[in-house]
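This is what each chain is made of:
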Amino acid sequence: MSSTAAAPAAPVAADAMLASIRAVIPPLQHTGDAGAPQVPTRKGLSGRVLVVGGSEEYSGAPFFAGMAALRTGADICHVVCDSISSPVIKGFSPDLIVHPYLRNISTYKDIAQSDSQAITVIVQKVAEILERVHVVVIGPGLSRDPLAQAVAERILERVGTLGLPVVIDAGIDAEMMTQGEAAAELSRRLGNVFIMQKGSEDVLTDGTTSIACSFPGSPRRCGGQGDILSGTLATFLAWTALAARQQKSGGAAASAVLPTRLAVLSATAAAATVVRRASLLAFAARGRSVVARDVLEQVGAAFGGLWDGGSEEEGGGAKLAAAAMAAAETGEASFRRNVAVL
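These notes cover the structure that comes with them. As the structure is a prediction and not an experimental result, all values here were calculated from the model. (Residues numbered from 1 in each chain as written. Predicted model: local features only at pLDDT ≥ 70, side-chain atom pairs only at ≥ 80, totals over all residues. Heavy atoms only, no water.)

Regarding the pattern of salt bridges
Move 1: Summed over all chains, the structure comprises 6 salt bridges.
Move 2: Here Arg 276 ties to Asp 202 by a salt bridge, and the two come within 3.3 Å at their closest N and O atoms. Taken together, the residues span a long stretch of sequence, with Arg 276 in helix H9 (residues 260-286) and Asp 202 in strand S8 (residues 202-205) at a distance of 74 residues. (Salt bridge = Lys/Arg side-chain N within 4 Å of Asp/Glu carboxyl O. Helix = DSSP H or I, 4+ residues; strand = E, 2+ residues; numbered from the N terminus.)

In structure tokens, the structure reads:
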């Protein structure tokens, strides 16, 4: 899984990452709060996300990525998928805006009579959505069909021209990573892109700085948790992009926004902590039977306990989770304990 950003700069520390995360999380405000600073509350200002993926075999992956983005706090999520998985994803949730634009070699003829024409038509449709979003996730459940892969490549090129942050579900085998090259070396070879390597601890790197996230998580490794991580990270990156945009336009919170490299590293660490905590809460409630939907349902509680200063009582498994976590601690203390610069 990777996300692109600026070239490396100075080293970072846990306190700087904490400050960066808190600087980009949109404030919550009830309409009509007397004396509260007025902040924009229009739909979409807390993040608009696009997920590109899905196939005949994998309709759940883009659903989990999209819903995780919403559960983390994004306002709107579009899913661009193929025509076969589209009705399935729509049936999973009415909260997602689903566009059945992708095609594979067996179904493209309803668009055009050649691969190049089909690709152009699909990318033009997706380009209209790209103009309205703050971050893009490419890859969850995406078909390995040559036409689908070619479309994804062209969409990625368009994302680059727009300067949008992008999360790529790369599908790289952990075994290949460990036997071949370390995540940091792979990042450098790819131009210092940000890479997250999942494992017993999540390693986050831009090829210069590497961070290990060892938050307690679920001992059950059910499928779909990587898709949830992609969506959660997308929302944090959307907030980072929005904060940077506000800084560029001289907004009131401009001085609180930290450098792009630090902001992206921080967003990646924040997403890892939320998903690992959500998976622990889900396991505490479900035990060995936990599945990805259980983890998804705990994302909001995990986020609230870590970053909104709230409790995880609504999480369903909070009492068991409290024992599993050994002691109650604030989100910041937990972050300092479990996130380390390598």
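Picking up where we left off.
Here we look at the packing of aromatic side chains
Move 1: As enumerated under the stated definition, the model contains 6 aromatic pairs in all.
Move 2: Relative to Phe 303, the ring of Phe 236 lies with its centre 5.9 Å away and its plane at 35°, an arrangement referred to as tilted. Placement of the pair is Phe 236 in helix H8 (residues 225-248) and Phe 303 in helix H11 (residues 299-307), with a sequence separation of 67 residues. Both residues of the pair, Phe 236 and Phe 303, belong to the buried class.
Move 3: Look at Trp 307 and Phe 335: their rings are 5.6 Å apart centre to centre, the planes differ by 65°, and that puts the pair in the edge-to-face class. Taken together, the residues Trp 307 in helix H11 and Phe 335 in helix H13 (residues 331-338) connect sequence positions 28 residues apart. An identical accessibility class is assigned to Trp 307 and Phe 335; each is buried. (Phe/Tyr/Trp six-rings, centres within 6.5 Å; stacked < 30°, edge-to-face > 60°. Buried < 20%, exposed > 50% of the residue type's maximum accessible area, 1.4 Å probe, protein only.)

Thoughts on the packing of H9 against H11
Move 1: Axis separation between H9 and H11 bottoms out at 8 Å; the angle between their running directions is 120°. Overall, the two elements H9 and H11 adopt an arrangement that is oblique. Here H9 and H11 pass one another in a crossing that is right-handed. Counting all contacts with H9, which are made through Ala 270, Thr 273, Val 274, Arg 277, Ala 278 and Leu 281, the residues of H11 involved are Val 299, Ala 301, Ala 302, Phe 303, Leu 306 and Trp 307. (Axes fitted to C-alpha atoms, helices over the stretch in contact; angles between N-to-C directions. Parallel < 35°, antiparallel > 145°, perpendicular 65-115°, else oblique. Left-handed = near helix turned anticlockwise from the far one by under 90°. Contact = heavy atoms within 4.5 Å.)

A word on the side chain of Asp 202
Move 1: Note on Asp 202: relative accessible area 5%, which makes it buried.
Move 2: A polar contact of 3.4 Å, which involves the side chain of Asp 202, links it to the backbone nitrogen of Gly 199.
Move 3: One polar contact links Asp 202 to Arg 276, side chain to side chain, over a distance of 3.3 Å.
Move 4: Once you skip the residues sitting within four places of it in the chain, Asp 202 turns out to touch Gln 197, Ile 211, Ala 212, Cys 213, Ala 272 and Arg 276. (Polar contact = N/O pair within 3.5 Å; in protein donor to acceptor, adjacent residues only side chain to side chain.)

As for helix H1 (residues 14-24)
Move 1: Taken together, the buried positions of H1 are Ala 14, Met 17, Leu 18, Ser 20, Ile 21 and Val 24. Take H1 and look down its axis: the buried residues cluster within an arc of 165°, on one side only. (Arc of directions from axis to C-beta.)

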